[in-house]
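Reading the structure
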Amino acid sequence: MRYKRPDRKNASSIIDAAERDMKFTLSMNATEEAGTTIVRNIYECFRMLGDALLVMKGMESEDHIAPIKELTKVKVQTDRPVNLIDNLRRLRHNINYYGYKPKLQEVQDVISIAETTFQPLLRSIRDKLKD
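Residues numbered from 1 in each chain as written. Predicted model: local features only at pLDDT ≥ 70, side-chain atom pairs only at ≥ 80, totals over all residues. Heavy atoms only, no water.

So, on to the side chain of Thr116. One can find Thr116 in helix α5 (residues 104-130). A polar atom in the side chain of Thr116 sits 2.9 Å from the backbone oxygen of Ser112. A distance of 3.3 Å separates a polar side-chain atom of Thr116 from the backbone oxygen of Ile113. Non-local contacts of Thr116, meaning those with residues more than four positions away in its chain, are made with Thr78, Asp79 and Arg80. (Helix = DSSP H or I, 4+ residues; strand = E, 2+ residues; numbered from the N terminus. Polar contact = N/O pair within 3.5 Å; in protein donor to acceptor, adjacent residues only side chain to side chain. Contact = heavy atoms within 4.5 Å.)

Moving on to the packing of helix α4 (residues 84-98) against α5. Running from N to C, α4 and α5 cross one another at 135°; their axes reach a closest spacing of 10 Å. Between α4 and α5, the interaxial angle falls into the category oblique. The crossing of α4 and α5 is left-handed. Between α4 and α5, the residues in contact are Leu84, Ile85, Leu88 and Leu91 and Glu106, Val110, Ile113 and Leu121, respectively. Broken down by class, the residue content of the contact of α4 with α5 amounts to 7 nonpolar, no polar and 1 charged. (Axes fitted to C-alpha atoms, helices over the stretch in contact; angles between N-to-C directions. Parallel < 35°, antiparallel > 145°, perpendicular 65-115°, else oblique. Left-handed = near helix turned anticlockwise from the far one by under 90°. Nonpolar A, V, L, I, M, F, W, Y, C, P; charged D, E, K, R; others polar.)

Of all hydrophobic cores here, the largest spans 38 residues; its most connected members are Ile42, Phe46, Leu49, Leu71, Phe118 and Leu121. Those residues in contact with Leu49 that sit more than four places away from it in its chain are Ile15, Ala18, Leu71, Phe118, Leu121, Leu122 and Ile125. (Core = buried A, V, L, I, M, F, W, Y, C linked by side-chain atoms within 4.5 Å. Buried < 20%, exposed > 50% of the residue type's maximum accessible area, 1.4 Å probe, protein only.)

On the secondary structure map, Ser124 appears in helix α5. Not counting chain neighbours up to four residues away, the residues in contact with Ser124 comprise Val74, Lys75 and Val76.

To continue, consider helix α1 (residues 8-26). For α1, built from 19 residues, the straight-helix expectation of 27 Å at 1.5 Å per residue is met to within 8% by its first-to-last C-alpha distance of 27 Å. Taken residue by residue, α1 has Ala11, Ile14, Ile15, Ala17, Ala18, Met22 and Thr25 as its buried positions. Seen end-on, α1 carries its buried residues on one side only, within an arc spanning 165°. Exposed side of α1, more than 90 degrees from the buried face: Lys9, Arg20, Lys23 and Phe24 are the residues found there. Structurally, α1 contributes buried residues whose contacts are with α2 (32-57) and α5. The residue sitting at the N-terminus of α1 and contributing the capping side-chain oxygen is Asp7; that oxygen lies 3.3 Å from the backbone nitrogen of Lys9. (Expected span 1.5 Å × (residues − 1). Arc of directions from axis to C-beta.)

Spelled out as structure tokens, the structure:
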């Protein structure tokens, strides 16, 4: 972990980008052909939220674990556990590095996680940015 000056403006830009990308990704049709792209994009949006939290604190991570861990620390009420986001990290890792092709049911589950947890996390992180 590298420490630098906290940057709320950069964090805000990252949050906005994550929101735009998630909106686009959730507009895609869930098919097996689009599955890898959907899973990657959804994971990346969550990772960006975690990065924004770290940037607000003046920290820069060297891997994907720290942003996801930071995101799971956020106290927020969601319909599905926020800890499931770490499963997305593993699924994306298998897709990127082992050529795994997610089944349609897995893609639909990832979409469900995004639909139930992304907006509450986004609101909570934006609130932290205002403090």
